[in-house]
Amino acid sequence: MAFINKLNPREVLDLREQIPLDDDQVNSRTLVQRDDLGMTLFSVATDQEIGGHAATGDAMLNILSGVAEVTIEDQKYTVPAGHSLVIPANARHSLYAVEGFQMLLVVVKPQAK
């Protein structure tokens, strides 16, 4: 049984090829969605953004290409390709594409009791 069943197992992958980076839009592709874990590929075109929101778990952004400007509460971070940033649970945040970017988002949430 595969737990990450949206990607081919035993295949060396370039995740950038798994999510298109289209002009003037945001794309997403869910790889895993469970109560305690989410893995999603996103692409955000230059000058587009993912508006302010919060998640119930810690969110790790892994930037695959481009440059993201991430605002966590009132602090801005520039995250280029090949770098990652962890956003604490329940922290309000937004993402802006300084240069169109692709990312793997991993959200780890508390297990239900």
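Anything mentioned here points back to the structure above.
Residues numbered from 1 in each chain as written. Predicted model: local features only at pLDDT ≥ 70, side-chain atom pairs only at ≥ 80, totals over all residues. Heavy atoms only, no water.

A. Inspection of the pattern of salt bridges at higher detail. Applying the stated criterion to the full structure yields three salt bridges. For Asp36, the salt bridge identified is with Arg34, shortest N-O distance 3.1 Å. The partly exposed category is assigned to Arg34, whose relative accessible area is 39%. (Salt bridge = Lys/Arg side-chain N within 4 Å of Asp/Glu carboxyl O. Buried < 20%, exposed > 50% of the residue type's maximum accessible area, 1.4 Å probe, protein only.)

B. Molecular detail of a nonpolar patch on the surface. On the surface, Met1, Phe3 and Ile4 cluster together into a nonpolar patch covering about 420 Å² of accessible area. Residue classification places Ile4 among the partly exposed residues on the basis of a relative accessible area of 37%. (Patch = residues over 30% accessible without salt bridge, like charges linked within 9 Å, V, L, I, M, F, W, Y side chains within 5 Å. Areas by Shrake-Rupley, 256 points an atom, 1.4 Å probe, with all protein chains shown as cover.)

C. Summary view of the side chain of Gln102. For Gln102, the position within the fold is in strand S7 (residues 93–108). Of the residues examined, Gln102 reaches a relative accessible area of 7% and is grouped as buried. At 2.8 Å, the side chain of Gln102 and the backbone oxygen of Arg16 are in polar contact. Every residue in contact with Gln102, bar those within four places of it in the chain, is listed here: Arg16, Ile19, Leu21, Phe42, Ser43, Asn62, Ile63, Leu64 and Ser65. (Helix = DSSP H or I, 4+ residues; strand = E, 2+ residues; numbered from the N terminus. Polar contact = N/O pair within 3.5 Å; in protein donor to acceptor, adjacent residues only side chain to side chain. Contact = heavy atoms within 4.5 Å.)

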